[in-house]
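# Geometric and topological summary
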Amino acid sequence: MYIIVIALALIGGVSTLLVGLSQENKKANPNYERKTRTNITKLLIIYLVSLIAFIVIWMIFR
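So, a few notes on the structure that sits alongside this text. (Residues numbered from 1 in each chain as written. Predicted model: local features only at pLDDT ≥ 70, side-chain atom pairs only at ≥ 80, totals over all residues. Heavy atoms only, no water.)

### Observations regarding the overall build of the protein chain
Looking only at helices and strands, the protein chain features 3 helices and 0 strands. Its helices and strands in sequence order give the protein chain the pattern α-α-α, from N to C terminus. The C-alpha atoms of the protein chain give a radius of gyration of 15 Å, which is well past the 11 Å a tight globule of 62 residues would have. For the protein chain, the spread of C-alpha atoms along the principal axes amounts to about 50 × 20 × 10 Å. (Helix = DSSP H or I, 4+ residues; strand = E, 2+ residues; numbered from the N terminus. Rg over C-alpha atoms; globule rule 2.2 N^0.38 Å.)

### Description of helix α1 (residues 2–20)
The α-helix advances 3.6 residues per turn, and as a result positions three or four apart in sequence lie on the same side. Relative to the 27 Å expected for 19 residues at 1.5 Å per residue, α1 spans 27 Å between its end C-alpha atoms, a close match to the ideal helical length. Within α1 the residues assigned to the buried category are G12, G13, T16 and G20. Projected down its long axis, α1 shows its buried positions confined to an angular sector of 95 degrees, all on one face. Facing away from the buried side of α1 by more than 90 degrees, the exposed set consists of I3, I4, L10, I11 and L18. (Expected span 1.5 Å × (residues − 1). Buried < 20%, exposed > 50% of the residue type's maximum accessible area, 1.4 Å probe, protein only. Arc of directions from axis to C-beta.)

### Some thoughts on the environment of W58
Summarising the element assignment, W58 is placed in helix α3 (residues 32–60). For the pair W58 and L48, spaced 10 residues apart in sequence, the C-alpha separation works out to 15 Å.

### With respect to a nonpolar patch on the surface
A contiguous nonpolar surface patch, about 660 Å² in accessible area, is contributed by L48, I52, V56, I57, I60 and F61. Among the structural elements, I52 can be located in helix α3. Taking the relative accessible area as the measure of exposure, I52 reaches 54% and is therefore exposed. (Patch = residues over 30% accessible without salt bridge, like charges linked within 9 Å, V, L, I, M, F, W, Y side chains within 5 Å. Areas by Shrake-Rupley, 256 points an atom, 1.4 Å probe, with all protein chains shown as cover. Salt bridge = Lys/Arg side-chain N within 4 Å of Asp/Glu carboxyl O.)

Structural data, given as structure tokens:
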């Protein structure tokens, strides 16, 4: 079960990168390009913090 949660977090992180760096976003909204790096960084930090929190909680209640 834990592997599923970790895999989903990793898939979410990779998906975030793919969507953030897609050419369609650049064409649809030129202003998005200016904020892409900041947006992706914030989202990846959220994913990493969530993953670390999950691992810590798992270790405590194991």
